[in-house]
Amino acid sequence: ALMAFVVPKLVGIFAHSHHELPFLTKVLIGVSGFIVNYGIFIVLGVIGLVVAIRKLLKVEANLRAWHRWQLRLPVIGELVRQINAARFAATLSLLSSSGVPLLQALTIAGQVMSNRVLQDSCEQVVNAVREGSSLARAMDNAGTFPPLLVQLVSSGEANGTLAQQLDNAAKDQERELELVLGMAMGLLEPLTIVFMGFSVCLIVMAILQPIFQMNSLV
């Protein structure tokens, strides 16, 4: 909004100046002119890109590739794992405490997950448990569940308190997720302020530099 509506009025007096303008002022005039002249095309392009991506993600193969890529990201991947692990543990705990058979509860808990790759891992766990494996060993072999969740499941199977341990795991995952999100938001706010201050500072410098030059010439 600054570059499209405010800056053109401020730098308009320099656009046709016969004096050589500072490099920063030239860049500001160029960027502002580009946004004024082609801003609507940029907005339409972004909208078209979003619509195209949504259509591409409706294809199952593309959706799986996107979810697989999500898990490989440094921070986002861990958040996705924690969110889905918390959903899985909470759902499985509720179903187990309600007397639902383990295989059926695992199938339902897997459907709660939003990531296709993690859903496939849950199907592997269901198949392994059906073949006689313990739940903790099957989850460990899947390689996509948090180690703490696997340890609590193992403890619950050994002590006969699987539902309670799953509930504890879900609460632990939610607390850890809240902590990570709180830290992220705590960093985002000052970074946003610094970015906006830096941007405004560049605009002010680009406007003041030619004014100082004209004053020095006078």
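Residues numbered from 1 in each chain as written. Predicted model: local features only at pLDDT ≥ 70, side-chain atom pairs only at ≥ 80, totals over all residues. Heavy atoms only, no water.

(A) Representation of the pattern of salt bridges in the model. Counted according to the given criterion, the structure contains five salt bridges. Among the ionic pairs, Arg64 bridges to Glu60, the shortest N-O distance being 3.3 Å. In this pair, Arg64 and Glu60 both sit in helix α3 (residues 60–72), four residues apart, roughly one turn of the helix. Asp120 is the partner of Arg64 in a salt bridge, and the nearest nitrogen-oxygen pair spans 2.3 Å. Taken together, the residues span a long stretch of sequence, with Arg64 in helix α3 and Asp120 in helix α6 (residues 116–130) at a distance of 56 residues. A relative accessible area of 25% places Asp120 in the partly exposed class. What emerges from the salt-bridge pattern is a single network uniting Glu60, Arg64, Arg116 and Asp120. (Salt bridge = Lys/Arg side-chain N within 4 Å of Asp/Glu carboxyl O. Helix = DSSP H or I, 4+ residues; strand = E, 2+ residues; numbered from the N terminus. Buried < 20%, exposed > 50% of the residue type's maximum accessible area, 1.4 Å probe, protein only.)

(B) Structural view of the environment of His19. Counting through the fold element by element, His19 comes out in the loop between α1 (2–15) and α2 (23–56). Owing to a relative accessible area of 45%, His19 belongs among the partly exposed residues under this scheme. Placed 46 residues apart in sequence, His19 and Ala65 show a C-alpha to C-alpha distance of 55 Å.

(C) Structural detail: the confidence of the model for the chain. Averaged over all residues, the pLDDT of the chain equals 85, while 95% of them reach at least 70. When pLDDT is averaged over each helix and strand of the chain, the minimum, 75, is found for α1 and the maximum, 90, for α6. (pLDDT = per-residue confidence, 0-100.)

(D) Molecular detail of a nonpolar patch on the surface. Among the surface-exposed residues, Phe34, Tyr38, Ile40, Phe41, Ile42, Val43, Leu44, Val46, Ile47, Val50 and Val51 lie close enough to one another that they form a single nonpolar patch of about 1000 Å² accessible area. Mapped onto the secondary structure, Phe34 falls in helix α2. (Patch = residues over 30% accessible without salt bridge, like charges linked within 9 Å, V, L, I, M, F, W, Y side chains within 5 Å. Areas by Shrake-Rupley, 256 points an atom, 1.4 Å probe, with all protein chains shown as cover.)

(E) Inspection of the packing of aromatic side chains at higher detail. Tallied over the entire structure, the rule returns four aromatic pairs. On the basis of an interplanar angle of 40 degrees and a centroid distance of 5.2 Å, the ring pair of Phe34 and Tyr38 is categorised as tilted. Of this pair, Phe34 and Tyr38 both sit in helix α2, separated by four residues, roughly a single helical turn. You can call Phe34 partly exposed: its relative accessible area is 44%. Each member of the aromatic cluster is reached from another via a ring pair, and the members are Phe34, Tyr38 and Phe41. (Phe/Tyr/Trp six-rings, centres within 6.5 Å; stacked < 30°, edge-to-face > 60°.)

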